[in-house]
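Chain by chain, the residues run as shown.
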Amino acid sequence: MMLSDWNLREEILAVSHRWWLAVLAFLLGSLIGIGISFLVPGNYRAESVLGIAYNGDAIYRNPDDYKNWQLQQLNNLALAPDVLREALKRLRLVDPYWGDISRKQFHAMLDLSWRNTGAWRFFVDNRSSQRAADAVETWVQVFLDKYQEALTSTSELFSDSARVNELSQTDAEKTARLNQLLVAQSSLQLWQDGVAKEQMEQPLDTISHWRLYSLAANAAGFDPAWSSILESLPPTGSLPADYMQWSLELQGLLAQEIQNLQAELTILKQDREAATQEYERRVQRSRGLTTTTVVSRASDDASTVRAIRTTPTYALVGGLLGLLTWLLIWLLRRRPGFRHDNR
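Calculation notes
Residues numbered from 1 in each chain as written. Predicted model: local features only at pLDDT ≥ 70, side-chain atom pairs only at ≥ 80, totals over all residues. Heavy atoms only, no water. Core = buried A, V, L, I, M, F, W, Y, C linked by side-chain atoms within 4.5 Å. Buried < 20%, exposed > 50% of the residue type's maximum accessible area, 1.4 Å probe, protein only. Helix = DSSP H or I, 4+ residues; strand = E, 2+ residues; numbered from the N terminus. Contact = heavy atoms within 4.5 Å. Phe/Tyr/Trp six-rings, centres within 6.5 Å; stacked < 30°, edge-to-face > 60°. Lys NZ or Arg CZ within 6 Å of the ring centre and 35° of its normal. Salt bridge = Lys/Arg side-chain N within 4 Å of Asp/Glu carboxyl O.

A. Spotlight on the nonpolar core. Formed by 35 residues in total, the largest nonpolar core has its most connected members in Leu74, Trp98, Phe106, Phe122, Trp139, Phe143 and Val295. Sorting the residues of this core by element identifies β1 (43-54), α3 (63-78), α4 (81-94), α5 (103-109), β2 (110-113), β3 (118-126) and α6 (129-195) as the ones contributing at least two each. At 11 residues, α6 tops the list of elements feeding residues into this core. Once residues lying within four places of it in the same chain are set aside, the contact partners of phenylalanine 143 are Leu50, Leu74, Leu77, Ala78, Val83, Phe122 and Val295.

B. Here's a closer look at the side chain of aspartate 160. With respect to the secondary-structure elements, aspartate 160 resides in helix α6. Assessed through its relative accessible area of 13%, aspartate 160 is described here as buried. Once you skip the residues sitting within four places of it in the chain, aspartate 160 turns out to touch Glu278, Tyr279 and Arg282.

C. A look at the packing of aromatic side chains. Tallied over the full model, the rule gives 7 aromatic pairs. Here tryptophan 98 and phenylalanine 106 contribute two aromatic rings whose centre-to-centre distance is 5.8 Å and whose plane-to-plane angle is 90 degrees, an arrangement assigned as edge-to-face. Note on accessibility: tryptophan 98 and phenylalanine 106 belong to one class, buried. The side chain of arginine 45 reaches across the aromatic face of phenylalanine 123, ending 4.8 Å from its centre. Here arginine 131 stacks its cationic end above the ring of tyrosine 97, 4.1 Å away from the centre of that ring.

D. Up close: the pattern of salt bridges. A full pass over the atoms with the stated rule returns 12 salt bridges. Salt-bridge contacts for aspartate 95 lead to arginine 131; the nearest nitrogen and oxygen are separated by 2.9 Å. Of this pair, aspartate 95 sits in the loop between α4 and α5 while arginine 131 sits in helix α6, and the two are 36 residues apart along the sequence. Among the residues examined, aspartate 95 registers a relative accessible area of 17% and is labelled buried. Taking the relative accessible area as the measure of exposure, arginine 131 reaches 27% and is therefore partly exposed. Note that glutamate 278 and arginine 282 form a salt bridge whose closest N and O atoms lie 3.2 Å from each other. Here arginine 282 and glutamate 278 lie together in helix α9 (residues 240-286), a separation of 4 residues that amounts to about one turn. On the basis of relative accessible area, glutamate 278 is assigned to the partly exposed category, the value being 23%. The buried category is assigned to arginine 282, whose relative accessible area is 14%. Salt bridges linked by common partners bring Asp160, Glu278, Arg281 and Arg282 together as one network.

Here it is as structure tokens:
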């Protein structure tokens, strides 16, 4: 028979006349599947449900994007390495079986199903129904514990941030004050050097008098402690020697306050660095979560366990594979190139 003699309609008709062979192939495949189901133990899937709510009253530039980001942060928390390590640690305390299970192997048993807010389903697959139930309960409990820790850190972020801002503002103010005093100290030194070259027997001119007063007043700012030095400025018409003595007192006052400010700034820098580090640690512990998301147990706290890959499933898959195998063999034998025409 030539290739052009092969007809699909005739082949379908021939198969329909031998339907009992198809049924026999399906039954044989089902029996093999049932046998395999007894040789390969099935798994169990434990499920626990948590309720996730989101507060939509908060105002953000992109509320949907922010909500999705918060939900993704929760997903990341549920499967975070430290969460899995803690869950394994607790499981090992009650069952030696988990001592041989690595974090990677434990992660392969887990599954988390969610689409949005509402019900989040935590699944654990294991060949033991009891171990699957224990694992899903432990996993969910560790997740809730870590979630509460993150929320605690989140609530403390505001005070830490305010503390860092307060220290930064104080540092800026004291640094500006120090720079102001350093400029006044430098200007006073220049004035002393200039006066030393002048005639000490002649009274100091009025312009120099008020220039010196302005220098001291700018350095004093709003500090009442400087009032006595300002009031003790020699009157106009005094000799340069009187002003020189006064400038030395001013110079001492400047040097003392500069020294105090430098010491305060050193301590302030240490406090600010410590506060910043604590704030950064708090950010990491908060895991990017905010109080806009709320996680709670479902009304029924008990987890459910069901068998997966059961005997009927093996039987159905085996039957379908048996039927497909028979059809493949039938088509191969009926190909024009592999059969003879006896006419």
